[in-house]
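Each chain is listed here by its residues.
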Amino acid sequence: MKPSQPVLSAQNVRLAFVVSRFNQRVTRALLEGALEAYARLGGDAQAAWVLWVPGSFELPLAAKKLAQRPEVDGVVALGAVIRGETPHFEYVSAQTASGLMQVMLTCEKPIAFGVLTTDTLAQAEDRAGGKAGNKGAEAVYSAVEMAQLLRHLAANEN
């Protein structure tokens, strides 16, 4: 097999986006960055599926339903879990990450992890288009690269 070079082109890569409504000010900014990155890479952001779910805990189920669709090449999961005064943060963030990984391995499609896990709202805002960039855009780059890599592997299975 020839060595693989990542192709960061979203042309003919159909992504779907699943976004948490909880901490919506942050997740909307993540989505905007993700859709802009997808369009910059040649993806059809206007035709992309965008599903909103109540919170990050619900992201894995919606991601699975989207990933099972034959017309979807990958899913970008976007959320923001901000630490509070109780252990709730630990449970939600861990189970969200685990659930999304299970979906990716089961469906064999990229499920990009664009879920912020921060101590403060300010840290989340910094990562949703602030001074730390936009992690939604970074998740798109990951999803596109993995979709292209999987295509490369499938074409070279012999």
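From a predicted model like this one, the values you see are computed outputs, not experimental measurements. (Residues numbered from 1 in each chain as written. Predicted model: local features only at pLDDT ≥ 70, side-chain atom pairs only at ≥ 80, totals over all residues. Heavy atoms only, no water.)

Before going further, it helps to examine the packing of aromatic side chains. Taken as a whole and assessed by the stated rule, the structure comprises 1 aromatic pair. A centroid spacing of 5.8 Å and a plane angle of 65° characterise the contact between phenylalanine 17 and tyrosine 38, whose relative ring orientation is edge-to-face. Here phenylalanine 17 is found in strand β1 (residues 15-20), whereas its partner tyrosine 38 is found in helix α1 (residues 24-40), with 21 residues between them in sequence. When its relative accessible area of 3% is taken as the criterion, tyrosine 38 is described as buried. (Phe/Tyr/Trp six-rings, centres within 6.5 Å; stacked < 30°, edge-to-face > 60°. Helix = DSSP H or I, 4+ residues; strand = E, 2+ residues; numbered from the N terminus. Buried < 20%, exposed > 50% of the residue type's maximum accessible area, 1.4 Å probe, protein only.)

Our focus in this paragraph is the environment of alanine 16. Tracing the sequence through the fold places alanine 16 in strand β1. Relative accessible area serves as the criterion here: at 0%, alanine 16 is assigned to the buried category. Spatially, the C-alpha atom of alanine 16 lies 6.1 Å from that of valine 50, the residues being 34 residues apart in sequence. With residues near it in sequence (within four places) discarded, alanine 16 still touches Trp49, Leu66, Val72, Gly74, Val75 and Val76. (Contact = heavy atoms within 4.5 Å.)

In this section: the nonpolar core. Counting residues in each nonpolar core, the largest one holds 27 residues, and the members touching the most others are Leu15, Phe17, Val76 and Val140. Taken together, the elements giving at least two residues each to this core come down to β1, α1, β3 (74-82), β4 (111-118) and α5 (135-155). When residues of this core are assigned to their parent elements, the largest contribution, 7 residues, is made by α1. Those residues in contact with valine 140 that sit more than four places away from it in its chain are Leu15, Phe17, Ala34, Ala37, Tyr38, Leu41 and Val76. If you look at the next biggest cluster of nonpolar residues, it comprises 19 residues, including Val53, Val81, Cys107 and Ile111. (Core = buried A, V, L, I, M, F, W, Y, C linked by side-chain atoms within 4.5 Å.)

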